[in-house]
Amino acid sequence: MIGITSYGGYIPRYRLSRMLIVQNMAWYFPVIMAVAGGEKAVANWDEDSVSMAVAAAYDCMKGKDRKALEGLYFASTTMPFTDRINAGIVATALNMREANAVNADFSACMKAGTTAAISALDAIGAGTRDNILVVASDQRRTKMATMLEMFYGDGAAAVLFGSGDVIAEFKGSYSINCDFVDHYKGHGKDFDYAFEERWVRDVGYGKIIPEAVKGYLAKYGMKIGDFSKVIYPCYFSGTHAAIARDLGIDKSKVQDNLHNTCGDTGSAHPLVLLVAALEEASPGDKLLVAGFGQGCDVLAFEVTDKIKSLKQRTGIKGSLAKRVEFTNFQKYAKFRNLITADLGIRGEANPNTALTVLWRKRKMLLGLVGVKCTKCGTPQFPSYPVCVNPDCWSANSFEDYEFSDKAGKVLMFTGDMLSASVDPPAVYGLVHFEGGGRSMFDFTDCDLSQVKVGVSTSMAFRLRQVDSVRGFTGYFWKAVPQTEGGGA
Amino acid sequence: MGKGIRDKVAILGMGCSKFGERWEDGADDLMVEAFQECIQDAGIEKKEIQAAWLGSCFDEISIGKSAVPASVALRLPNIAVTRVENYCASGTEAFRGAVYGVASGAYDIALAIGVEKLKDIGYGGLPEFSSAMGSLNQLWMANFTAPGGFAMMATSYAAKYGLDINEIKRAMAHISVKSHANGALNPKAHLRKPVTEDQVMCSPHVAYPLGLFDCCGVSDGSACAIVTTPEIAKSLGKKDIVSVKALQLSLSNGTEFAYDWDGAHFITATKASKAAYEEAGVTNPRKEISMMEVHDCFSITELVTMEDLHISERGKATKDVLDGFYDLGAGGVPCQVDGGLKCFGHPIGASGLRMLYEMYLQLQGRAEKRQLKDPRLGLTHNLGGFPFLNVCSIAIIGRLGA
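Sequence order as written defines the numbering, with residues in each chain counted from 1. Whichever chain is written first is A, and whichever ligand is written first is 1; the rest continue in order. In keeping with the model being predicted, local features are shown solely for residues with a pLDDT of at least 70 and side-chain atom pairs are shown and tallied solely at 80 or more, while totals for entire chains, interfaces and linings include all residues. With hydrogens and water stripped out, all remaining heavy atoms of the structure feed into the side-chain values.

## Focus: the overall build of chain B
Our working definition: Secondary structure counts use DSSP, requiring at least four H or I residues in a row for a helix and at least two E residues in a row for a strand, with both numbered from the N terminus. Between the two quantities, the radius of gyration covers C-alpha atoms and the globule rule is 2.2 Å times the number of residues to the power 0.38. We call a residue buried when its accessible area falls under 20% of the maximum for its residue type, exposed when it is over 50%, and partly exposed in between, using a 1.4 Å probe and counting protein chains only. For this analysis, residues touch if any pair of their heavy atoms sits within 4.5 Å. In short, Shrake-Rupley with a 1.4 Å probe defines the accessible areas, and a residue's cover is counted only from the protein chains shown.
Assigned secondary structure in chain B consists of 14 helices and eleven strands. Taken over C-alpha atoms, the radius of gyration comes to 19 Å for chain B, in line with the 21 Å a tight globule of 402 residues would show. Reported as C-alpha extents along the three principal axes, the dimensions of chain B are approximately 55 × 45 × 45 Å. A total of 402 residues make up chain B; the buried ones form 64% of that total. Of all intrachain contacts in chain B linking residues separated by at least 6 positions in sequence, the fraction that spans at least 24 positions is 77%. By element, 51% of the accessible surface of chain B is carried by carbon and sulfur atoms, the whole surface being about 13800 Å².

In C-alpha cells:
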C-alpha cells in the first residue's frame with residue numbers, strides 16, 4: 001500500500017481583515033468592496049515561501065525520522081532562487097541526509113503542489129523510493145487595491161508520501177494539461193498579471209476542474225458520491241459552489257476553500273486544503289483533491305485506521321487558531337515592500353554572503369545543528385573546536401545535536417529601537433534550551449510587551465536578510481516566545 | 001604567578017582633548033590636542049619617548065589600520081608604535097602596553113594614546129558592526145546593538161533579584177543624574193547639563209528598558225599618558241608621583257553566551273577586579289578605593305558593575321545607588337567623578353585613558369571643582385563588547401608608595 005504517511009501545515013499568525021484593505025484602498029478601486037468579507041493570512045516580514053515550507057515540513061515530520069527521508073519536493077511559485085535548488089534549503093533546514101536523497105523544485109504553476117505529489121507517488125509506486133516529502137508554499141506579493149490582493153493569502157502544507165504506516169491510501173490520479181492562462185508572472189516581474197475574472201471563472205475553474213474530476217471518475221469507475229470530501233481551490237465563492245453543483249457534490253462534502261479565514265495560498269492551496277480535510281477525516285473516508293493551473297490534477301485517497309495513531313500536530317487547523325489580527329495596513333504594505341520606508345544609514349550595511357562559510361557551516365546556519373560533547377554531554381551552539389564547559393574543555397569530541405526542535409526559556413531580552421529593523425523594536429535575547437545549551441537569537445512573532453524572562457520559546461526558521469544588490473536571500477533561526485494573542 | 005605591576009611604573013604626564021562632536025576636527029587633530037597637553041605636563045621632549053601604543057577600535061571608519069596614523073599625526077621620531085584594539089578596553093590596552101614596556105626595562109619612557117573619531121558616520125550611536133563581526137557571525141548573530149546588548153541585562157538582573165523593572169529604572173536614573181551633575185563641573189565633558197530623575201525616566205525608549213538618558217553620549221576624543229619608571233620621574237624632579245598599582249584584563253570564553261550564567265553579573269569584571277585588588281594590595285575596596293571611573297556605557301552597566309567590583313554586595317547595588325553611596329561628596333566611593341562616559345561620550349580608543357586622566361588629576365589635586373579630599377587610590381574599569389561576551393580591563397593608580 002502506498003499513500004500519505006503524515007501531514008503538516010503552516011499558516012502565518014497575522015490575519016488581515018479584507019475590510020481593512022477596503023477601508024484603505026477602495027477609494028482607488030471600489031470593486032474590491034465586492035469581496036470585503038473575511039480575512040487573509042499574511043506572512044510576517046521575515047517569512048517567505050521557503051521559511052513557511054520549513055515550518056510545515058517540521059510539523060509534518062513530528063514523530064517521524066527526518067534522517068529517513070529519501071527525497072524532498074518543494075512546490076512554489078515564489079521561490080527565492082532561480083538557480084540554487086530551493087528544496088535544498090528546506091532539506092538542509094530539516095537536517096536531512098545528503099547522500100542517497102533526491103530533491104526537486106516544482107514551480108511555475110498553481111498546480112505545482114499536486115504535480116509534485118503525483119511525481120512522488122509515481123516514484124514510490126515504482127519502488128524506487130520508500131518515501132518523499134512534498135512541501136508546497138507560496139507567499140505572493142500583490143499590487144495594492146487589486147482583486148488578487150483580496151484573494152491571496154500566505155501559507156504552506158507538507159505531505160509525506162510513502163509505503164509504510166499509510167494513513168491515507170493513494171487511489172490513483174488523473175490530470176489534464178492545457179495552456180489556459182488565467183494569470184501569469186513573467187520573468188523578472190514582481191506581480192501577477194491577470195485576465196478578466198468572468199472568463200477565468202467560466203472557462204477556467206468552472207470548466208476545467210469538473211472535466212478533470214469527471215475524467216478521474218471515468219478512469220477509475222467511481223461516482224462522486226463515493227467521496228466523503230471533495231477538495232479543490234477556487235477563490236471565487238460563487239464558482240466554487242457552482243463546481244459542486246455541476247459535479248453533484250453534496251454541500252456537506254465540499255471542502256471549504258478557506259477564503260474567509262486564510263485566503264488562497266497559491267500552489268500550496270490544494271495541499272493546504274487536503275491537510276485541512278485530513279485533520280477532520282475518519283478511517284474509511286475517501287478524499288478527492290484537485291489542483292488547478294494550466295490544467296488540473298486530481299488525486300484520490302482513502303483514509304486508513306493508522307490516521308488515529310498520528311502524533312498531535314499544529315496543522316492547518318492549529319495554525320488558523322493561532323491568530324493575531326493585523327490592524328495596521330501601512331505595516332502590511334511595508335512588510336510586502338509595497339511602500340518605501342527609510343531603514344536609516346545603520347541599515348545600509350550589506351556585506352556579501354561568504355558561500356564558503358555557508359557551505360562549511362550549512363548544518364549550523366540552516367539546520368540549527370550544534371554539537372553535544374561526547375565527554376561531558378554538554379549541548380552547545382554554536383560549536384567551537386573546544387567544549388564550552390569550563391570543567392571539560394575537551395577538544396574535538398563532539399556529535400551533532402539538533403536545536404531546531406528544542407524548547408527553551410528566555411534568560412534576558414530587549415526590544416531595540418536603534419537596530420535597523422523592518423518591524424521595530426527588534427526583539428531579541430538569550431535563550432536557554434531544555435536539555436542544555438543556550439544562544440542569542442532574534443525573536444519573532446511576538447510583542448515586546450508579552451516577552452518576559454522565563455517565557456518558553458520554540459525555534460522557527462526565518463528569513464534573515466535579503467541582499468537586493470546581489471539577489472541573495474539569507475536564512476537562520478529565530479526564537480518564538482510562546483505567548484498568547486498580541487497585535488500589529 | 002608574576003609579582004604584579006604595583007609601583008613599578010609612574011605616570012609622567014597626561015593629556016585629554018575636549019570631548020564632543022568635534023565636527024571641525026579629525027582624529028589627528030584630537031591626538032595632537034591631547035598629546036600637547038600631555039608632553040607639556042610630562043616636561044620632556046618628544047624625542048625622549050622611546051615607544052608608543054595607540055588604542056582605537058573602529059579603525060575602518062576612524063583612523064585606518066596600523067599605528068601609522070598616530071606616528072604620522074604626532075610626528076613621532078621613527079620609534080616603535082603599536083596599535084591595539086580590544087573593544088572598549090582599547091585605551092586601557094594602549095596604557096598597558098606602554099606600562100609593561102617600561103616595567104620590562106625595554107624602554108625608559110613610553111607613550112599610550114587613544115583616539116576615536118566617531119562622528120563621521122552620519123547617524124547616531126556607535127557604528128553599525130554587523131559587517132565587522134566576521135564572515136560567519138554576520139550570517140547568524142541577532143540584530144543587536146550596543147544599547148540592546150546591555151539593556152537585556154536589566155531584565156535578567158531584575159528577574160534574579162525579584163525586582164520590579166521600575167525599581168531598576170529608578171536606580172539607573174539616579175546613576176545618570178549623578179553623572180550629569182559631575183559632568184556639569186567638567187569643562188572637557190561633552191554633555192554639561194544637569195538632568196533630573198524624571199527627565200531620565202521619561203526619556204525616549206532606545207532599547208527596553210533603557211531610555212535615551214540611560215545611554216552614554218557618542219563623541220570624538222583623545223587622551224594620552226606618558227609613563228616612565230618612578231626613579232626617572234623622581235630624577236626629573238616630579239613630586240606627588242602617581243604610580244600604577246594594578247592592571248588586569250579578563251575576557252569571556254563563551255561561558256556566558258553558550259553555557260551557564262545568570263545574566264546578572266559580569267564574570268570578567270568579577271574576576272579582573274579581584275585580581276586587581278590583590279595586585280594593588282587592596283583588601284577592602286569599599287573602604288580603600290577613593291574614587292572610580294567605570295564603564296557606564298549604559299546606566300545598567302554601571303549598576304551591575306558596582307557589585308562586580310565587590311563594592312556593593314550582590315543584589316544590593318540599587319540600594320547603594322539610591323542611597324547616594326556613589327555620588328560626589330556623599331562619603332561613599334564617588335563614581336564617574338568626571339561625568340563618566342555618560343557625559344564624555346565614548347570615543348572608544350580614548351575612554352580608558354580619559355578615565356585614568358581624571359584619576360591622575362584627582363591624585364595630583366588638580367581636578368578643580370570636582371576635586372575630592374585627599375584621594376589615595378583611583379580605579380578605572382572598561383567593559384568592551386556585551387554582557388554575554390566581553391573584555392574587561394581594570395586599572396588602579398595611586399600615589400607612589402601609598
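Moving on from the coordinates now.
## A word on the domain arrangement of chain B
Accessible area lost during the coming together of the parts is what is often quoted as the interface size. Residue and element names in this part refer to chain B. Note the threshold: Start and end positions for the domains come from either an automated domain assignment or a database one. What counts as buried area is the accessible surface, traced by a 1.4 Å probe, that two parts surrender upon association, with contributions from both included. Only one rule defines a salt bridge in this text: a Lys or Arg side-chain nitrogen within 4 Å of an Asp or Glu carboxyl oxygen. In the analysis that follows, any N or O atom pair within 3.5 Å is treated as a polar contact, provided that within protein one partner can donate a hydrogen and the other can accept it, and provided that, for residues neighboring in sequence, both atoms belong to side chains.
When the domains of chain B are assigned, the result is domain 1 (10-119 + 220-235) and domain 2 (144-203 + 240-399). Placing the centre of domain 1 and that of domain 2 at their C-alpha centroids yields a distance of 23 Å. Across the interface of domain 1 and domain 2, roughly 3100 Å² is buried in total on both sides, 72% from carbon and sulfur atoms. The residue K188 makes a salt bridge to E37 at a minimum N-O spacing of 2.5 Å. The interface formed by domain 1 and domain 2 contains eleven residue pairs in polar contact (both at pLDDT 80 or more). Contributing elements (two or more residues each) for the side of domain 1 that touches domain 2: β1 (10-16), α1 (27-42), α3 (90-103), β4 (109-116), β7 (221-228) and α7 (230-235).

## Quick notes on the interface of chain B and chain A
Taken together, the contact between chain B and chain A spans 45 residues of the former and 46 residues of the latter. Regarding the contact of chain B and chain A, the summed buried area is about 3700 Å², with carbon and sulfur atoms giving 65% of it. The three residues of chain B that bury the most area against chain A are L139(B), W140(B) and Y259(B), which together make up 21% of that side's buried surface. Counting every contact that joins chain B to chain A gives zero salt bridges. Summed over the shared surface of chain B and chain A, the result is 19 residue pairs in polar contact (both at pLDDT 80 or more).

## Thoughts on the nonpolar core
Applied cut-off: For the purposes of this section, nonpolar cores are sets of buried Ala, Val, Leu, Ile, Met, Phe, Trp, Tyr and Cys residues that join through side-chain atoms within 4.5 Å.
Counting residues in each nonpolar core, the largest one holds 133 residues, and the members touching the most others are L72(A), L133(A), M292(B), I300(B) and I396(B). Among the nonpolar cores identified, the runner-up in size contains 52 residues, and I32(A), C296(A), Y332(A) and A333(A) belong to it.

## Observations regarding the domain arrangement of chain A
Residue and element names in this part refer to chain A. Here chain A is described as being made up of domain 1 (3-335) and domain 2 (407-481). Taken together, the two surfaces of domain 1 and domain 2 that pack against each other cover about 1500 Å², and 56% of this comes from carbon and sulfur. Of all residues in domain 1, R13, W45 and D46 give up the largest surface area on contact with domain 2, accounting jointly for 37% of the area buried on that side. Our count for the domain 1 to domain 2 interface comes out at four salt bridges. Two residues, D46 and R462, come together in a salt bridge whose shortest N-O distance is 3.1 Å. Taken together, the links from domain 1 to domain 2 amount to eleven residue pairs in polar contact (both at pLDDT 80 or more).

## Thoughts on the sheet that holds strand β1 (residues 3-10) of chain A
All names here are of chain A. Rule in force here: Strands are treated as partners if at least two bridges between them are detected by DSSP. Axis geometry follows a simple rule: fit a line to the C-alpha atoms, using only the stretch in contact for helices, then measure angles between N-to-C directions, giving values from 0 to 180 degrees.
Overall, mixed pairing links the nine strands, which are arranged β5-β4-β6-β7-β1-β8-β13-β12-β11 in an open sheet. Pairing within the sheet leaves two strands with one partner each, and these edge strands are β5 (102-106) and β11 (229-231). The average undirected angle you get between the axes of adjacent strands in this sheet is 20°. Pairing analysis gives two bridges linking β1 to strand β8 (residues 168-177), with the strands arranged antiparallel. The residue bridging G3 from the neighbouring strand is E169, located in β8.

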